[in-house]
Amino acid sequence: MTSSTVGRTRAERMSLRAALIERIGGYMTAHAIGLAAELGLADLIEDGVRDSAELAAGTRTHEPSLRRLLRMLAAVGITTEPEPGRFGLTEVGAQLRSDSPDSLRAFARMFCHPSLFSAWQGLGHAISSGERAYDHVFGKEFYAHLAEQPGLSALFNEAMGEESRIAAGMLAAGYDYSGFKKVVDLGGGDGTLLAAVLPGHPHLHGVVFDSASGVAEARGVVEAAGVADRCEVVSGDFFQDIPADGDLYIVKSVFQDWGDDDSRALLRSVRARIPDAATLLIVGTVLPETSSPEFPVMFFTDVNMLVNTGGRERTESEFRSLLEETGFTVRAVRLGAAGPLSLIEAVPGEER
């Protein structure tokens with residue numbers, strides 16, 4: 001018996017054992033949720049209770065097997081089974097509905113996609129070598145692979161838009177834009193962030209800036225938000241050139257994609273082109289200085305970046321070092337200011 005179980009009752013030891021086994025089976029849960037999202041089960045269930053035979057007909061699946069999947073999903077809190085063979089949605093599972101304002105259906109489909117599961121098979125290579133697992137598995141880096149597959153690229157952009165939606169709403173309401181006229185969202189993807197910010201701040205003009213594949217859906221998003229007349233969509237490479245006439249530059253959930261050398265290169269590119277009076281606003285995860293079970297998603301994301309992009313999440317001290325080394329002065333840090341995301345304000349200064 002190990003020292004950690006000394007004094008434990010048999011029931012307590014069995015509970016600890018079950019907790020570890022449940023975590024070992026986490027990939028099974030992910031596969032099940034990903035398939036539920038792909039099949040559109042939540043859209044078929046809507047806000048009612050549906051018979052498994054009805055759901056099987058709607059998804060063209062084998063009813064006895066689908067019923068087993070739905071029962072597994074009930075066991076992990078995605079569906080409910082109020083009567084044998086009849087299924088509803090929990091509040092958590094309702095986020096898999098396409099029409100939910102908090103939808104994470106595309107996010108589930110993307111992060112449970114076979115390409116990402118395959119990349120995670122290379123985790124051991126990444127840990128032993130420090131190299132991206134995605135390159136090792138596919139022979140090319142993540143974004144190059146996306147660029148070759150328009151369908152997967154569109155799904156990725158939609159997933160990132162879903163992930164950004166709630167935080168974008170919080171940022172739109174929780175940051176003071178009164179001193180700015182033109183906001184540039186670097187790495188702005190499908191425009192979700194500016195589509196949330198601009199409607200409530202009619203004095204602002206915006207620019208969504210990203211790669212050509214990154215902004216492919218942005219025009220439609222800003223048009224749907226009714227701000228297309230105040231928002232440009234510009235494609236380019238932010239390592240080479242960025243719009244130089246903004247006074248607020250937002251970089252949301254971008255630095256996690258890159259290692260320290262690339263992050264410094266990106267910051268130096270921004271520093272060389274933004275006006276001296278402009279503000280750089282970094283929006284993203286800021287890790288606590290020590291790991292904690294209170295923040296598991298942050299650490300999941302950190303290792304996911306190692307696997308897929310070679311990037312990383314960072315602590316406040318690590319962000320400060322990057323910014324100071326590349327000619328920025330940190331003006332303010334607001335931890336948890338936009339839900340799970342923090343805000344770091346920096347202004348041009350002297351390169352260290």
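Here goes a summary of the coordinates provided. (Residues numbered from 1 in each chain as written. Predicted model: local features only at pLDDT ≥ 70, side-chain atom pairs only at ≥ 80, totals over all residues. Heavy atoms only, no water.)

### Some remarks on the overall build of the protein
The test is simple: In this description a helix means any DSSP run of H or I spanning at least four residues, a strand means any run of E spanning at least two, and both kinds are numbered starting from the N terminus. Residues are treated as being in contact if the distance between any of their heavy atoms lies within 4.5 Å. Under the convention used here, a 1.4 Å probe and the Shrake-Rupley method define accessible areas, while residue burial counts only the protein chains that appear.
Secondary structure assignment for the protein yields 16 helices and 12 strands. Across its three principal directions, the C-alpha atoms of the protein cover 65 × 55 × 40 Å. Put simply, 64% of the contacts in the protein that link residues at least 6 apart link residues at least 24 apart. Within the structure as shown, the protein displays about 17,400 Å² of accessible surface, and the carbon and sulfur contribution to it stands at 54%.

### Some points on helix α11 (residues 150-174)
For clarity, the threshold we go by: In this analysis, the expected span of each helix is defined as 1.5 Å times one less than the number of residues it contains. What the bend at a residue measures is the angle between two axes, fitted to the seven residues ending there and to the seven starting there.
End to end, α11 covers 35 Å across 25 residues, agreeing with the expected 36 Å (1.5 Å per residue, within 8%). Of all the bends found along α11, the most pronounced is centred on R165 and spans about 40°.

### Thoughts on the side chain of E162
In plain terms, the rule: For each residue, the accessible area found with a 1.4 Å probe, counting protein chains only, is set against the maximum for its type, and the residue is called buried under 20%, exposed over 50%, and partly exposed in between. Positive residues here are Lys and Arg, negative ones are Asp and Glu, while His and the chain termini are left out of the count. Throughout this description, the term salt bridge denotes a Lys or Arg side-chain nitrogen within 4 Å of a carboxyl oxygen of Asp or Glu. Polar contacts, as used here, are pairs of N or O atoms within 3.5 Å; protein pairs need one atom able to donate a hydrogen and one able to accept it. Residues neighboring in sequence count only if both atoms are side-chain atoms.
Along the chain, the position of E162 falls in helix α11. Here E162 is buried and forms no salt bridge, its nearest opposite-charge partner R165 lying at an N-O distance of 5.0 Å. In terms of polar contacts, E162 uses its side chain to reach the backbone amide nitrogen of A106, at 3.0 Å. Those residues in contact with E162 that sit more than four places away from it in its chain are S103, L104, R105, A106 and F107.

### Some thoughts on the pattern of salt bridges
Taken as a whole, this structure holds 22 salt bridges when the rule is applied. Note that D43 and R105 form a salt bridge whose closest N and O atoms lie 3.5 Å from each other. Taken together, the residues span a long stretch of sequence, with D43 in helix α3 (residues 41-45) and R105 in helix α6 (residues 105-111) at a distance of 62 residues. Judged by its relative accessible area of 25%, D43 falls in the partly exposed class. The closest approach of N and O atoms between D241 and R273, which form a salt bridge, is 3.1 Å. In this pair, D241 is assigned in the loop between β6 (231-235) and β7 (248-252) and R273 in helix α14 (residues 260-273), connecting sequence segments 32 residues apart. A single network of salt bridges, built from pairs that share partners, joins D260, R312, R314 and E318.

Function-wise, these values are silent; they only describe arrangement.
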